[in-house]
Amino acid sequence: MKEQDVINGYTTITTCNQIEQQLTPSTKFDVNNSPDPVNIAKLYAIKEAIADRVEMHKNIGEQRSQWNNMLLTSINVITLAAATMTAIAATSTVVTGQVFGLKISSTLLYLVATVMLVIMNKLQPSQLAEEQRIAARLFQNLLNQIDTTLSIGHPVTSDVQEAMDSVLALDKAYPLPILGIMLDKFPSSVEPAMWWPQQRRKKSKSISENQNDWNGWNGKLEEEMREIVGILGRKDQEEYIRLGKKALKLNKVLAICGPLLTGLGAIGSAFVGSWATVVGIVAGAVATIVNTIQHGGQVGMVFEMYRNNAGFFKYMQENIDFNLMEKDVERRENGEVFELKVALMLGRSLLEVRNLANASSWKGEQLDESASKLF
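About the criteria used
- Residues numbered from 1 in each chain as written.
- Predicted model: local features only at pLDDT ≥ 70, side-chain atom pairs only at ≥ 80, totals over all residues.
- Heavy atoms only, no water.
- Patch = residues over 30% accessible without salt bridge, like charges linked within 9 Å, V, L, I, M, F, W, Y side chains within 5 Å.
- Areas by Shrake-Rupley, 256 points an atom, 1.4 Å probe, with all protein chains shown as cover.
- Salt bridge = Lys/Arg side-chain N within 4 Å of Asp/Glu carboxyl O.
- Helix = DSSP H or I, 4+ residues; strand = E, 2+ residues; numbered from the N terminus.
- Phe/Tyr/Trp six-rings, centres within 6.5 Å; stacked < 30°, edge-to-face > 60°.
- Buried < 20%, exposed > 50% of the residue type's maximum accessible area, 1.4 Å probe, protein only.
- Expected span 1.5 Å × (residues − 1).
- Contact = heavy atoms within 4.5 Å.
- UniProt positions renumbered as here; feature names shortened; annotations may be inferred.
- Axes fitted to C-alpha atoms, helices over the stretch in contact; angles between N-to-C directions.
- Parallel < 35°, antiparallel > 145°, perpendicular 65-115°, else oblique.
- Left-handed = near helix turned anticlockwise from the far one by under 90°.
- Nonpolar A, V, L, I, M, F, W, Y, C, P; charged D, E, K, R; others polar.
- Core = buried A, V, L, I, M, F, W, Y, C linked by side-chain atoms within 4.5 Å.
- Domains from an automatic or database assignment.

A. Structural context of a nonpolar patch on the surface. Together, Leu260, Leu264, Ile267, Phe271, Trp275 and Val279 make up a nonpolar patch on the protein surface, roughly 640 Å² of accessible area in all. Among the elements that take part in the nonpolar patch, helix α6 (residues 219-270) stands out by supplying three residues, more than any other. Counting through the fold element by element, isoleucine 267 comes out in helix α6.

Put into structure tokens, the structure is as follows:
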């Protein structure tokens, strides 16, 4: 029995030693590298708040889209009804009292349409709805990033702080309230949307155990990334800023013309029986067309989409520059993974990204191709 115990003990020790030798350094359990439960709990709390924000932005976005449709239909019906009453009053042979009633009714309808149109042009419901759609998508993307951090890494304090900063930056970039902190719908200049916090220097999580591989970076990859940054600034971002300026200018013109026309219609309807009658009728018809183009065509939404696209390319530029400016490659995001992310965000394959960077370095400013193939 003693011999058997010795044999069993030797076998157990040998087996444990063999298992320990088979374990790689990355698979060994290290108490010092175990994740901090407090950081995990904080990230889960942030996840719950983000999930709630996603739902809020989705619901409010749908509501404001319905506002746009409801107000558009209501204002057009009121305007056409006022123009019809003005025409009936001008051609009517009824008694004076009934003509006066038509005149008063059409004037009131025009005034109501003018007030409603001024409020609608100020709020731009289609643009508000687009802001909430964008915010819901960005919050969902942030939620996925936190899931990735919890799945493949040991979350640290900097991860928690970065997640908090991202949530607050998104809240500021796309506010839910209308009164007080609503984004300016007619800014003096078009600037790319900014929804990300200031980049902080942090220690990256090493993917490879080989300390001589430069964390996936090399001189060629750095040069390619610099060329991509140049193309994003010269072509993609500038293109959407230019389109945003055109959309903003069109929206301003339509926002002024709509209430002006309904106001003229109110004046014309008040003087039925003179040349002003024609003004009252024609102004109502043209106001309906202008209102349909502006809010039916959702010009405000188009402007916000262009502004957000320009912000997307600005975000990419800052993210690439932030990695390139970091001299310690171990603090950068892994080069191979980063290159893959850039390619996916541009809608290109890795080979297409490299060919684009090489063509830009050969032709310089004369390259007439945009970096992104997504939009």
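Moving on, there is more to tell.
B. Examining the packing of aromatic side chains more closely. With the rule as written, the count across this model stands at 10 aromatic pairs. In this structure an aromatic cluster arises from ring pairing among Tyr240, Tyr306, Phe312, Phe313 and Phe375.

C. Focus on the environment of arginine 137. Its place among the elements puts arginine 137 in helix α4 (residues 125-152). Assessed through its relative accessible area of 47%, arginine 137 is described here as partly exposed. On a C-alpha basis, the gap between arginine 137 and histidine 57 in space is 9.2 Å, while along the polypeptide they are 80 residues apart.

D. Quick look at helix α5 (residues 157-173). An ideal rise of 1.5 Å per residue puts 24 Å on 17 residues; α5 measures up with 24 Å between its terminal C-alpha atoms. Packed against the buried residues of α5 are α2 (37-91) and α4.

E. Seen up close, the UniProt feature "transmembrane region" (unreviewed entry) in the protein. Taking the UniProt record as the reference, the feature "transmembrane region" (unreviewed entry) is found at residues 71-94, 100-119, 253-272 and 278-297. Annotated as 100% helix and 0% strand, the span residues 100-119 places its first and last C-alpha atoms 29 Å apart. A helix fraction of 95% and a strand fraction of 0% characterise residues 278-297, whose end C-alpha atoms lie 28 Å from each other.

F. Layout of the pattern of salt bridges. Counted under the stated rule, the structure contains 13 salt bridges. The residue glutamate 222 makes a salt bridge to arginine 332 at a minimum N-O spacing of 2.7 Å. Placement of the pair is glutamate 222 in helix α6 and arginine 332 in the loop between α8 (299-325) and α9 (335-346), with a sequence separation of 110 residues. A salt bridge links glutamate 352 to lysine 373; its shortest N-O distance comes to 3.3 Å. Placement of the pair is glutamate 352 in helix α10 (residues 350-363) and lysine 373 in the segment after α10, with a sequence separation of 21 residues. The partly exposed category is assigned to glutamate 352, whose relative accessible area is 30%. Accessibility expressed as a relative area gives 48% for lysine 373, which makes it partly exposed.

G. Up close: the packing of α2 against α5. Two numbers describe how α2 lies on α5: the axes approach to 9 Å, and their chain directions differ by 15 degrees. Taken as axis vectors, α2 and α5 run roughly parallel relative to one another. Here the hand of the crossing between α2 and α5 comes out left-handed. Of the residues in α5, those in contact with Asn39, Lys42, Leu43, Ile46, Ile50 and Arg53 of α2 are Thr157, Asp159, Val160, Ala163, Met164, Val167 and Asp171. Each residue belonging to the contact of α2 with α5 can be placed in one class, and the counts come to seven nonpolar, two polar and four charged.

H. Structural view of the packing of α2 against helix α7 (residues 276-296). In contact at an axis separation of 9 Å, α2 and α7 are set at 165 degrees when each is read in the N-to-C sense. On the basis of their axis angle, the class for α2 and α7 is roughly antiparallel. Two packed elements cross with a definite hand, and for α2 against α7 that hand is left-handed. Residues Asn68, Leu72, Ile75, Asn76, Thr79, Leu80, Ala83, Thr86, Ala87 and Ala90 of α2 form the contact with α7, whose own contacting residues are Thr277, Ile281, Gly284, Ala287, Thr288, Asn291, Thr292, His295 and Gly296. Of the residues contributing to the contact of α2 with α7, the split by class is eight nonpolar, 11 polar and no charged.

I. Representation of the side chain of serine 106 within the structure. Here serine 106 shows up in helix α3 (residues 96-123). Looking at serine 106, the relative accessible area reads 0%, which means it is buried. When neighbours within four sequence positions are excluded, serine 106 is seen to be in contact with Ala82, Met85, Thr86 and Ser269.

J. The arrangement of the nonpolar core in detail. Grouped together as the largest cluster of nonpolar side chains are 50 residues, with contacts concentrated most on Ile50, Tyr174, Trp195, Met225, Ile228, Ile320 and Val342. For this core, the elements supplying multiple residues, two or more each, are α2, α4, α5, α6, α8, α9 and α10. In terms of residue count, α6 provides more of this core than any other element does, 10 residues in total. Each of domain 1 (35-176) and domain 2 (218-364) accounts for three or more of the residues forming this core.

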